[in-house]
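Chain by chain, the residues run as shown.
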Amino acid sequence: MKKIFYLGALFLLAVTLANPEAFAFNQKQTRLRERLTTLRNWQLMEDFDLSPEKSQQVFTILKKFDDQRVKLIRQRQNILAELRDAVAAPAPPNDGLEKLMLKLSKTSVKLARIPEQERQALAEIFSPREQARYILFVNDFAKDMRRVIKNKRKQGRNRRY
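Reading the values: rules and limits
- Residues numbered from 1 in each chain as written.
- Predicted model: local features only at pLDDT ≥ 70, side-chain atom pairs only at ≥ 80, totals over all residues.
- Heavy atoms only, no water.
- Helix = DSSP H or I, 4+ residues; strand = E, 2+ residues; numbered from the N terminus.
- Buried < 20%, exposed > 50% of the residue type's maximum accessible area, 1.4 Å probe, protein only.
- Contact = heavy atoms within 4.5 Å.
- pLDDT = per-residue confidence, 0-100.
- Phe/Tyr/Trp six-rings, centres within 6.5 Å; stacked < 30°, edge-to-face > 60°.
- Core = buried A, V, L, I, M, F, W, Y, C linked by side-chain atoms within 4.5 Å.
- Salt bridge = Lys/Arg side-chain N within 4 Å of Asp/Glu carboxyl O.

Asker: Account for the overall build of the chain, naming residues and giving values.
Answerer: For the chain, the count of helices and strands is five helices and zero strands. When the elements of the chain are put in sequence order from the N terminus, they spell out α-α-α-α-α. Out of the 161 residues belonging to the chain, those deemed buried represent 32%. For the chain, restricting intrachain contacts to residue pairs at least 6 apart in sequence, the fraction spanning at least 24 positions comes to 69%.

Here it is as structure tokens:
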């Protein structure tokens, strides 16, 4: 369940560059992801009282997995687009659909494994108790950010110009 929350929150941060018309939107998403990452890192430093050296180690690990996550989310979005196109074709070839569905499944599995890989990498720096606190931190941070984004969207809809 926690993995789903974690993936869901980070899915909001993902950027797709597949659509050139959405470039401005992608830039906005990229800036949002960067801001959320900065906020996450700052909050992590505060909550865990990290030294500069320890925080640098943690942030290096988190960046590696953030980058992997974004890459896999982009791949997944591209595969879904290919799948939509294939299904919309008059007579999609079954073997092509099977390959796309398998590719989608493999990408989704890789994406779902990231939180555990991240935790294992952090085990070199964090004690088991700190790892558990980190899992709770990620869950709470994601929940808080979803709420903030939801409220911001509501405010945007309620504006009258």
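Next comes the rest of the write-up.
Asker: I'd love a proper account of the confidence of the model for the chain, names of residues and values included.
Answerer: With 83% of its residues at a pLDDT of at least 70, the chain reaches an overall mean of 84. Summarising per-element confidence for the chain, the mean pLDDT is lowest in helix 1 (residues 2-13) (42) and highest in helix 3 (residues 52-88) (95).

Asker: How would you explain the packing of aromatic side chains if you had to name every residue and give the values?
Answerer: Two numbers describe a pair of aromatic rings. These are the distance of the centres and the angle of the planes. The full count for this structure, using the stated rule, is five aromatic pairs. Pairing Phe-126 with Tyr-134 gives two aromatic rings, centres 6.3 Å apart and planes at 45°, and the pair type is tilted. Taking relative accessible area as the criterion, Tyr-134 reaches 3% and is therefore assigned buried. Ring pairs connect the aromatic residues Phe-48, Phe-126, Tyr-134, Phe-137 and Phe-141, which therefore count as one cluster.

Asker: Please provide a residue-by-residue account of the nonpolar core, values included.
Answerer: Leu-44, Val-58, Phe-126 and Tyr-134 are the most contacted members of the largest nonpolar core, which totals 23 residues. For this core, the secondary-structure elements that each account for two or more residues are helix 2 (23-48), helix 3, helix 4 (94-122) and helix 5 (128-158). When residues of this core are assigned to their parent elements, the largest contribution, seven residues, is made by helix 3. Once you skip the residues sitting within four places of it in the chain, Phe-126 turns out to touch Phe-48, Leu-50, Lys-54, Val-58, Gln-131 and Tyr-134. Judged by nonpolar contacts, the second largest core, of six residues, contains Leu-83, Ala-86, Leu-97 and Leu-104.

Asker: For the pattern of salt bridges, give the residues involved together with the corresponding values.
Answerer: Inspection of the entire model under this criterion finds seven salt bridges. Between Asp-66 and Arg-40 there is a salt bridge, with its nearest N and O atoms 2.9 Å apart. Taken together, the positions of Asp-66 in helix 3 and Arg-40 in helix 2 put the pair 26 residues apart, joining distant regions of the chain. Each member of the pair, Asp-66 together with Arg-40, is buried. Among the salt bridges present, the one from Lys-63 reaches Asp-67, with a minimum N-O distance of 2.9 Å. Within this pair, Lys-63 and its partner Asp-67 are both found in helix 3, separated by four residues, close to a single helical turn. Judged by its relative accessible area of 41%, Asp-67 falls in the partly exposed class.

Asker: Go over the environment of Arg-33 with me, naming the residues and quoting the values.
Answerer: Within the secondary structure, Arg-33 is located in helix 2. The sequence separation of Arg-33 and Asp-66 amounts to 33 residues, and the corresponding C-alpha distance is 9.9 Å.

Asker: Describe the environment of Arg-76, with residues and values.
Answerer: By the element assignment, Arg-76 lies in helix 3. For the pair formed by Arg-76 and Lys-106, sequence separation is 30 residues and the distance between their alpha carbons is 9.5 Å. The contacts of Arg-76, once residues within four sequence positions are left out, are Leu-104, Thr-107, Ser-108 and Leu-111.

Asker: Account for unusual backbone geometry, naming residues and giving values.
Answerer: For Asp-49, which is not a glycine, the phi torsion comes out positive at approximately 50°. Topologically, Asp-49 is positioned in the loop between helix 2 and helix 3.

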